[in-house]
Amino acid sequence: MLHPDRYFNPDPGVRKIARELYGSVANLPLVCPHGHVDPALLSEDRPFPDPTELIIIPDHYIFRMLYSQGVPLESIGIPPRDDPEQREKDSRAIWQTFGDHFHLFRGTPTSCWLRQEFAEVFGVTEPLNGSSAMEIYDHIAEKLKNPEFRPRQLFERFHIEVLSTTDGATDTLEHHQKIRESGWKGDVRPTFRPDAVVNLMHPSWRDQIDRLGDLTGQEVTSYDRYIAAIESRREFFRSMGATATDHGVTSPYSYEISHADAEAIFQRALAGGGTEEDERRFTAHMLMELARMSVEDGLVMQIHAGSFRNHNRAIFERFGPDMGCDIPLRAEFTRNLRALLNKFGNHPNFRLVLFTLDESTYSRELAPLAGHYPALRLGPPWWFHDSLEGMKRFRRSVTETAGIYNTAGFNDDTRAFPSIPARHDLCRRVDANFLAELVCEYVIELDDAEEMIVDLAYNLARETYRFA
Amino acid sequence: MLHPDRYFNPDPGVRKIARELYGSVANLPLVCPHGHVDPALLSEDRPFPDPTELIIIPDHYIFRMLYSQGVPLESIGIPPRDDPEQREKDSRAIWQTFGDHFHLFRGTPTSCWLRQEFAEVFGVTEPLNGSSAMEIYDHIAEKLKNPEFRPRQLFERFHIEVLSTTDGATDTLEHHQKIRESGWKGDVRPTFRPDAVVNLMHPSWRDQIDRLGDLTGQEVTSYDRYIAAIESRREFFRSMGATATDHGVTSPYSYEISHADAEAIFQRALAGGGTEEDERRFTAHMLMELARMSVEDGLVMQIHAGSFRNHNRAIFERFGPDMGCDIPLRAEFTRNLRALLNKFGNHPNFRLVLFTLDESTYSRELAPLAGHYPALRLGPPWWFHDSLEGMKRFRRSVTETAGIYNTAGFNDDTRAFPSIPARHDLCRRVDANFLAELVCEYVIELDDAEEMIVDLAYNLARETYRFA
Amino acid sequence: MLHPDRYFNPDPGVRKIARELYGSVANLPLVCPHGHVDPALLSEDRPFPDPTELIIIPDHYIFRMLYSQGVPLESIGIPPRDDPEQREKDSRAIWQTFGDHFHLFRGTPTSCWLRQEFAEVFGVTEPLNGSSAMEIYDHIAEKLKNPEFRPRQLFERFHIEVLSTTDGATDTLEHHQKIRESGWKGDVRPTFRPDAVVNLMHPSWRDQIDRLGDLTGQEVTSYDRYIAAIESRREFFRSMGATATDHGVTSPYSYEISHADAEAIFQRALAGGGTEEDERRFTAHMLMELARMSVEDGLVMQIHAGSFRNHNRAIFERFGPDMGCDIPLRAEFTRNLRALLNKFGNHPNFRLVLFTLDESTYSRELAPLAGHYPALRLGPPWWFHDSLEGMKRFRRSVTETAGIYNTAGFNDDTRAFPSIPARHDLCRRVDANFLAELVCEYVIELDDAEEMIVDLAYNLARETYRFA
């Protein structure tokens, strides 16, 4: 089922070189600098409960597609917030529904990842569909009972060199602590993602501010204390191995406001009286502050911009966030990031990794910015674009202006732990194919390509995220 | 002249599979759910007058290109509104001008369609150019005298299973009625397109409102009566076989205003005093109302958004609309459609088909929306993008996020009746090639592709438009 | 190192035809209607000083990439404005730095151009890198001493048929004059680029207005005199062989204001009191005036829209403009150009060539506009998009709607004189390959392609820019 030449250009000349280039990196360790694996998995190291809990329920790529064709979320195990009992609890029934609808994924990266995961992680030998669903379920369920399929053994078998998780500013990092104390050698690091304390409109902002005070031992009653508390948390994250921060914003607008304005907005928010304009200005200002902190503490700053979260209000109210209804928005970086790049973009200690959901910005804004500002690197194709065609468009759109050395290597960005090797493998294949095409078009020499594939598969991620 | 492998990837492996996949659907009936064929053609079934009247004069794809290179519209037979006599009336002279300029169409879909139409419908064996023009004219003119070339016989020869026309809200559908009464078996259905009664700024809006009153037997003096009249016309269209509505809007902005506001705007418009802001808000509100009606009566709702109509004022004033001077605008769907999708996008009875002229929305907004909301399907590449490259970009941009099952199959969208088979054939070839490439890249299995090509060529259009 | 099939599709069938098509135009003369070569080079015809002064220091494509990876501009010879002595002056050291970082250009057009320039202009036989840098430097330095490598001999060897430079409105064109008087036969023409007198916010605007008065013999104290002075300068440029004007604008917004408003804005600007809104309206109005002048005097109007100049303020302040920190902006043409196209777009004497940095406008706005308005031609892919992939995207995006005959052929747009042949060669190869793919997909016939490649490589540029 898994062809050794999958994802390569059918031209025999290109395919031959793609195969060679891919072969040289196929077994390199996996560097995972950005993703959403739950660290509790690795601190607790419990067996995964069953195929449905492992593969379907945490994966919004899967249930969004089923939902788009009329399959209710409850019926595939997603619990309504007000009445969790309404969800289907029969894992086998859910898996059967999944199998019945697996044709929907034809031509999608989800199907590519899952086919490889089924075959290489679990040894499944036949395609998933309505007829084979139960047999495959039983096969995987049986495997999951085996200690080899517990998280830490999988981590090792996957040859993961380092895995960064994504954690809130007020996270205690207890699981990271437990992993360290356990004596297990897996390198699992936190990433500082303070969205809930930065975004004044976040539903839990007020609680988070209180929690920030509790954790830092000083009540957060002023803007200065707020900044100090954030700096203190960053320091704690660094002490736990973090090398990066991450920031989710609707728009990458950056703009420095006066200290007095920042204080005034902060006080209004504390009093529960903030406005959308306050939020917009405060976020723009905080991007500047967070960049300043990165210059000082060396944490790599990531910005993920342009997602309209929870677009479908009915689904959000009934099931909560991350239900597959975040929809991209048009993005603008040239004007929006100018303040930040003007202030910090020339600084040798600053590193900024940008992610976009608007592919029209690749050649128009991002590659020109990254091909100039020393601080800037382009993150890999994100979310909907983390796919064969998405990766091809990215490389074909940015390389000519920014080269490959202003890009950040690969992120798997997943919460689906057992899919990690398949995601890296797909990217390594697409990159090998991209380089093979350039070799066969005589744009680069083969010996260049041989170095470049190692950089794309391994070195750039390590170096960008300062693991090296 | 027509190569059997046309439009396929030159790679022999891909070509072989593309040929097989195409072969399996080449002769399937044509499903034509959206287009602009004049139903009078099929109710009257008169012979087409001559090649120029048949092929050039109704086709703004043709005369826009000639005009762009300095050929005056009058000289190719387009009548000025104020002095129709100024137009060239010699069909042979016009055809000669067309032949002299046919090189302008090299590399365009118009050239692909016409070459196939000439060859397969009319048996023309040589390329059109200045030297061959008159010979080809005579050849086609001779054919048109033959009863086999009358509209109904062509309809049958083309193997058209169903053809939907596009009709105004106040159209009496007399031609559809005559077709039904004639005993001829051709399935020709109306589509409800109420733009002229919805768009308050439409030049004939006031007349259309009066006409709406006449047709529904109650003067349209209030917003409620207006809504009731529209509902009544929809019911009439449904009784005549309509399965869909269609709405042309500059922006797909949707927003519900209060009943009092709607009434106030409506009254201002009736009194001749509407503003552009009135029009913008009323159109946004009417999209909500029309979606509500679709939920209730089951008519599939189509939105064609983003064309700046009649961009060239001098041409519009002299020749009228549809003269090849409609120019696309940047589009935005994520925010604009939120109100509509939040209210109706989860409803099982609602189906919305979206069309865009802004390809940057494919991967950024449309595929993510269609890959989530159950009501939504993506219409095929529209207008300027209904072409080989346009179709490739569409499939390569949306499939990875939305799959093929959230797309609507093909629309020929044409008023050029004899070009219909060539348009479907081109799409079937491009789809077969797309799937063949995926097979050869090992993204899908061949047996998947064999099912998918039938879905793309036939089933998806039938099912999306509720013909099934 | 230079493969004869470079930049062609690896498919053997496509490659064979691409090779034939390319072969038919490989040796045609070079038509260079837009670029930034300094005319002093050709009037003075001095030997080039050394490889670094010739190749690195004038080329912001090169130093932007080095800067993006942390190489300070001073260290590669760029003089700071306030202290020019701070720059590295050792040309050999700079070249070594360049060689050490040449891997950054892998996959970029700069690497393609330079490899060809090194090989074909200078006979370099090995790849540039840190080890070979000094040897290559010496090799090129030796060549530059040879009279064959002086500018005029290179011009002839390059087979340049005509070269247009880019010159300010107040330029005396003394170098063009000297070339004419020298008896040398090279055809070098000025282009009228009045940005500094049109853009009220330009730092030297006031000085330029004074200079305009000096040159035209009448102080520019009113809007009417300003217009008359511009017309007078255009006439002078025409007398010196100019066939075109060029206009750099942030946005292509066009809008005619009243004479009184124009006068009022002009007087405010003279008095040093203009505003950004004044500048925006005045530029929009001047686009209308400049188009009107083009209708009258027949100079082809070029608009280069959408670059945010000097984005990195620190670099601008320290080193000045054109330091590789101009970043593209989202562009809009449909609404912005409507006033201009409505007034002049149908005029047979008007020709407008548009350039964009926003590729999303190709299929959405530019091809539909060019496929309708007779005055309009699309300029070739500009700046960041003047590359293999950029050219492919351009042709694949615009041809289906606008054909090739509404495009303007190639511009090398360079200040790097010895790179001119490599740039034309790359474009001819990409165009040949594009046509070969269309032939192998049976979209066009081979005999069409044979004509089209000559049009793309030679005729369209001559005809668009009225050299013919």
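Please refer to the structure higher up on the page.
Residues numbered from 1 in each chain as written. Chains lettered and ligands numbered in written order. Predicted model: local features only at pLDDT ≥ 70, side-chain atom pairs only at ≥ 80, totals over all residues. Heavy atoms only, no water.

Student: So what exactly am I meant to see when it comes to helix 20 (residues 446-464) of chain A here?
Tutor: Residues that lie three or four places apart on an α-helix share one face, since the helix turns once every 3.6 residues. Residues and elements named next belong to chain A. Along helix 20, the largest kink reaches about 55° and is centred on Asp455. Listed as buried for helix 20 are Asp448, Ala449, Met452, Ile453, Asp455, Leu456, Ala457, Tyr458, Leu460, Ala461 and Thr464. In the segment just after helix 20, Arg466 is the residue with positive phi, at about 60°. (Bend = angle between axes of the 7 residues up to and from the residue. Helix = DSSP H or I, 4+ residues; strand = E, 2+ residues; numbered from the N terminus. Buried < 20%, exposed > 50% of the residue type's maximum accessible area, 1.4 Å probe, protein only.)

Student: It is not clear to me how the nonpolar core should be interpreted in this structure. Could you clarify?
Tutor: Counting 102 residues, the largest nonpolar core has Ile55, Trp95, Phe98 and Phe417 of chain A as its most contacted members. Beyond its immediate sequence surroundings of up to four residues, Phe98 of chain A is in contact with Ile56, Ile62, Leu66, Phe105, Leu114, Phe118 and Leu128 of chain A. (Core = buried A, V, L, I, M, F, W, Y, C linked by side-chain atoms within 4.5 Å. Contact = heavy atoms within 4.5 Å.)

Student: So what exactly am I meant to see when it comes to the relation of the copies chain A and chain C here?
Tutor: Think of it as a corkscrew move, a rotation about one axis and a shift along it, taking one chain copy to the other. Least-squares fitting of chain A to chain C yields an RMSD of 0.0 Å, with the transformation described by 0.0 Å of translation along the axis and a rotation of 120°. Put plainly, the chains are arranged around a three-fold axis. (Least-squares fit on C-alpha atoms with pLDDT ≥ 70 in both.)

Student: How do you make sense of the interface of chain A and chain C when you look at a structure like this?
Tutor: Interfaces are frequently sized by the accessible area removed from exposure as the parts join. Across the boundary between the two partners, chain A contributes 42 residues, which contact 52 residues of chain C. Across the chain A/chain C interface, buried area totals approximately 4,000 Å², and carbon plus sulfur atoms make up 49% of it. By the criterion of area lost to chain C, the three top residues of chain A are Arg364, Glu400 and Tyr442 of chain A, representing 20% of everything that side buries. Connecting chain A to chain C are six salt bridges. Between Arg115 of chain C and Glu445 of chain A there is a salt bridge, with the nearest N and O atoms lying 3.3 Å from each other. Of all elements in the fold, only helix 16 (338-344), helix 17 (360-370), helix 18 (388-402), helix 19 (420-440) and helix 20 of chain A reach the threshold of two or more residues within the side of chain A that touches chain C. With seven residues, helix 17 of chain A is the largest single contributor of residues to the side of chain A that touches chain C. When the residues that make up the side of chain A that touches chain C are grouped by side-chain class, the tally is 16 nonpolar, twelve polar and 14 charged. (Buried area = accessible area lost by both parts, 1.4 Å probe. Salt bridge = Lys/Arg side-chain N within 4 Å of Asp/Glu carboxyl O. Nonpolar A, V, L, I, M, F, W, Y, C, P; charged D, E, K, R; others polar.)

Student: Help me understand the relation of the copies chain A and chain B in this model?
Tutor: With an RMSD of 0.0 Å, chain A superimposes on chain B once it is rotated by 120° and translated 0.0 Å along the axis. Taken as a fraction of all interface residues of chain A, those also at the interface in chain B reach only 6%, which identifies the copy contact as different-surface.

Student: Would you mind showing me how to read the sheet that holds strand 4 (residues 188-189) of chain A here?
Tutor: Two pairing modes exist for strands in a sheet, parallel and antiparallel, and in both the strands are linked by backbone hydrogen bonds. Residue and element names in this part refer to chain A. If you trace the three strands from one edge of the open sheet to the other, you get 1-2-4, paired in parallel fashion. The open sheet has two free edges, formed respectively by strand 1 (30-32) and strand 4, since each of these has just one partner strand. Bridging between strand 2 (residues 160-164) and strand 4 involves two bridges; their strand directions are parallel. Paired with Ser164 across the strands is Arg189, a residue of strand 4. Sitting on the sheet, helix 19 is in contact with strand 1 and strand 2, with an inclination near 105° to strand 1. (Pairing = 2+ DSSP bridges. Axes fitted to C-alpha atoms, helices over the stretch in contact; angles between N-to-C directions.)

Student: So what exactly am I meant to see when it comes to the environment of Ile327 of chain B here?
Tutor: Within the secondary structure layout, Ile327 of chain B lies in strand 9 (residues 327-328). In sequence terms Ile327 of chain B and Lys145 of chain B are 182 residues apart; their C-alpha atoms lie 38 Å from each other. The contact partners of Ile327 of chain B, leaving out residues within four places of it in the chain, are Arg64, Gly306, Ser307, Phe308 and His311 of chain B together with Thr334, Glu365, Pro368 and Leu369 of chain C.

Student: Can you help me understand the packing of helix 12 (residues 223-239) of chain B against helix 13 (residues 259-270) of chain B in this one?
Tutor: Residue and element names in this part refer to chain B. Contact pair helix 12 / helix 13: the axes reach a minimum separation of 9 Å and the direction vectors enclose 90°. With respect to helix 13, the element helix 12 is oriented roughly perpendicular. In this structure, helix 12 contributes Tyr223, Asp224 and Tyr226 to the contact, and helix 13 contributes His259, Ala262, Glu263 and Phe266. Class assignment of the residues belonging to the contact of helix 12 with helix 13 gives a composition of four nonpolar, one polar and two charged. (Parallel < 35°, antiparallel > 145°, perpendicular 65-115°, else oblique.)

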